[in-house]
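# What the coordinates show
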Amino acid sequence: MTTVRLWTDAEAEAAPRVKAVFDDIRATRRSDFINNFWRGLANQPAVLERTWASLKEIMAADGALDPLTKELIYIAVSVANGCSYCIHSHTAAARGKGMTEAQHGELLAVIGMANETNALVTTLQIPVDPEFQV
């Protein structure tokens, strides 16, 4: 259960700062859907504005990484951080950007393998090879 109120569209319409962000989310994503993350952040308009601006700059802007790769990285970090909401929302976003079931399965295998080997290296306190320190 949420610990904050999730804003309705009617409430957002009555708050200019929130409305502006919600309108930009809709325009950027070309969708009328505003997910619960943004509806919860609406309780703090400054945090909503700042977070959307940062996310839009990193995830929506053209860059060296293609949009699907960005989503795959977001899923991996969300798994590492144990954020179920972000795992689900970014898996949906990755599917929308063309992720296949085979890619999803391989991504999960890589995440699992990285978790396993990270735990082994940490447990065994293996020193980093000088060749890897660039």
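The paragraphs below set out a description of the structure included in this document. As a convention, each chain's residues are numbered from 1 in the sequence order in which they are written. With pLDDT at 70 or above as the cut-off, local features in this predicted model cover only qualifying residues; side-chain atom pairs require 80 or more to be listed or tallied, and sums for whole chains, interfaces and linings still use all residues. Side-chain measures were taken over the full set of non-hydrogen atoms in the model, leaving aside hydrogen atoms and water.

## Observations concerning the overall build of the chain
Of the regular secondary structure elements, the chain holds seven helices and zero strands. Sequence-ordered secondary structure for the chain, helices as α and strands as β, is α-α-α-α-α-α-α. For a compact globule the rule gives 2.2 Å times the number of residues to the power 0.38, and the radius of gyration it is set against comes from C-alpha atoms. Against the 2.2 N^0.38 benchmark of 14 Å for 134 residues, the chain shows a C-alpha radius of gyration of 18 Å, more extended than a compact globule. Taking the principal axes of the C-alpha coordinates as reference, the chain spans close to 55 × 30 × 30 Å. For the chain, buried positions account for 25% of its 134 residues. By the convention used here, residues are in contact when the closest approach between their heavy atoms is within 4.5 Å. Here the contacts in the chain between residues at least 6 apart in sequence split such that 48% fall between residues at least 24 apart. Taken as a whole, the chain presents about 9100 Å² of accessible surface, with 61% of it coming from carbon and sulfur. By the criteria applied, helices consist of DSSP H or I runs no shorter than four residues and strands consist of E runs no shorter than two, each listed in order from the N terminus. Burial here depends on accessible area, computed with a 1.4 Å probe over protein chains only, as a share of the maximum for the residue type. Under 20% is buried, over 50% is exposed, and the range in between is partly exposed. Working definition of accessibility: Shrake-Rupley area with a 1.4 Å probe, residue cover restricted to the visible protein chains.

## Thoughts on helix H6 (residues 84–96)
Side chains that are three or four residues apart share a direction in an α-helix, a result of its 3.6 residues per turn. The terminal C-alpha atoms of H6 lie 18 Å apart, and with 13 residues this matches the ideal 18 Å at 1.5 Å per residue to within 8%. The inward-facing, buried residues of H6 contact helix H4 (45–60), helix H5 (67–81) and helix H7 (101–124). Following H6 by one or two positions, Gly98 adopts a phi angle in the positive range, close to 105°. Expected helix span is computed as 1.5 Å times (number of residues minus one).

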